[in-house]
Amino acid sequence: MRIGLFTDSYHPTSSGVVVVVDVTRRELEKLGHEVFIIAPDGGVLEKNKLPDDDHIIRLPAIQYDMQLSVFFPPTLLKKIRALRLDVIHFFTPAQIGLMAALAARKTGAVLIGQHCTDTYEFSKDYPAMVLGYVLGGLLGPLLLKLSNEQKKTFAKLYLSPVDRNETDEKWAQRLVAGLMSLIYANCDGVVVVSQKSADQLAEFAARFSEKLNLHVIPTGVDILPPTPKSKIDAFKKKWKIAPADEVIVNFGRMAEEKNLTLLIKMLPELLKKRPNVKLLLAGDYVYREKLEKIAAASPAADRIIFSGRYPRNEIPTICAAARVFAFPSLTDTQALVLNEAAGQGLPIVMCDQNVNEVFRRDENGLLARNDPDDFADKIAQILTDDVMYKKFSNRSRELAAEFSALAQTEKLVELYRQLLRQPLKDI
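Residues numbered from 1 in each chain as written. Predicted model: local features only at pLDDT ≥ 70, side-chain atom pairs only at ≥ 80, totals over all residues. Heavy atoms only, no water.

(A) Quick peek at the packing of helix H11 (residues 261-273) against helix H15 (residues 372-384). H15 packs onto H11 with a crossing angle of 55° between their chain directions and a minimal axis gap of 8 Å. One element, H11, and the other, H15, form an angle in the oblique class. When the axes of H11 and H15 are compared, the crossing they make is right-handed. Contact residues: H11 offers Leu262, Leu263, Lys265, Met266, Glu269, Leu270 and Lys273, while H15 offers Pro372, Asp373, Phe375, Ala376, Asp377, Ile379 and Ala380. (Axes fitted to C-alpha atoms, helices over the stretch in contact; angles between N-to-C directions. Helix = DSSP H or I, 4+ residues; strand = E, 2+ residues; numbered from the N terminus. Parallel < 35°, antiparallel > 145°, perpendicular 65-115°, else oblique. Left-handed = near helix turned anticlockwise from the far one by under 90°. Contact = heavy atoms within 4.5 Å.)

(B) Spotlight on the sheet that holds strand S11 (residues 277-282). Taken in spatial order, the six strands line up as S12-S11-S10-S13-S14-S15 in an open sheet, and their pairing is parallel. With partners counted over all chains shown, the strands left at the sheet margins are strand S12 (304-308) and strand S15 (365-367), one partner each. Here the average twist between neighbouring strands, direction ignored, is 25°. For strand S14 (residues 348-350) and S15, the ladder comprises three bridges, and the chain directions are parallel. (Pairing = 2+ DSSP bridges.)

(C) Representation of the nonpolar core in the model. One finds Phe251, Phe325, Leu338, Phe375 and Ile379 to be the most contacted residues of the largest nonpolar core, which totals 65 residues. Broken down by element, the residue count for this core peaks at seven residues, all from H11. Phe375 has contacts with Leu262, Leu263, Met266, Ala326, Phe327, Pro328, Val349, Met350, Cys351, Ala368 and Arg369, leaving out every residue within four places of it along the chain. Ranked by size, the runner-up nonpolar core spans 46 residues in total, among them Ile38, Leu77, Ala104 and Cys187. (Core = buried A, V, L, I, M, F, W, Y, C linked by side-chain atoms within 4.5 Å. Buried < 20%, exposed > 50% of the residue type's maximum accessible area, 1.4 Å probe, protein only.)

(D) Examining the environment of Val249 more closely. Along the chain, Val249 turns up in strand S10 (residues 246-251). In this structure Val249 comes out as buried when scored by relative accessible area, which is 0%. The contacts of Val249, once residues within four sequence positions are left out, are Leu280, Ile318, Ala322, Val324, Phe325, Ala326 and Leu346.

Right under this line is the structure:
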């Protein structure tokens, strides 16, 4: 098959969406398919650093908090027609996602939408993201194939008077929910990466009287090989981790919506039960500076480590230095870091059990409330019970192995094939 992957977020931007696009392309190509990526330009300063090839089509973009693509649909449509795509698969229901919908309608390609980001929740903290939806959504009537009822729904989203009791935040969320429902309703199939996302989109669709063809297919992650003992020892020495220390780790993108402050707040309580614990926060992003200030004000400040940005191949080393993976986020849609941590045999404590199928409550971890005392208590339970710890560690490895990149991509290909057997849409 010839497959086009359309995304509003791509290198040099660093995000979960970029990881998913890269994994999807790599595994599809391993299976013998030809894959093209349509994505924004990385900006003038980064242009010569992008690892592009002749299967990546770049669009001009405005750079601010996010990449906002600027393109002329007829010109881009001509390029897409020349690719002769069987499947058009988009990962972001914004500008390029809308263009993907138009291209599929005009070429007869199967259209797959993939829901990777909880834009509904993010709209509260990222006004720029809402701006992208507002501007991109205005193209909806031009690029989407809308019924008369859908056109009325679209008009109400933008033109109906705002209730005097409705906050800007609620208006933004209503707009995002409506636009996502309309865009995904235009798809032959919608891939969701967790049951949490499936439930959310089903609720949106019902609210706006739409029907979505949802398929839960989490992104697969290959388990990295164990790290040599010498690297583990060097890492511990660098960050002053003593043999008796029990390290609680979280790694990934440091953003405000990740709820990482919960880990800092729970640490003093955990120290009362396990006096040798340390908290290791690995990663970087815009929230790191503020998070470091919060940590510095904690009575447990001397037990908190910020180890900074890391390449993926260092994850086994980070995990080998730790005892438990702590994941307090309530806004993730699949959290691939959970796969990475489970693959290295770490028990998990988290707040949102529906975000990733690699976590099974009471099988490889414990579910905690969004509360510092309860989170600390759950970690202490695992560290105190050696039998529970071994059981959870072994089960983490087993579950991670079930969700390999190849196995999950094969499920995606099967969906492509099922939809290709349907009659082509009117063009």
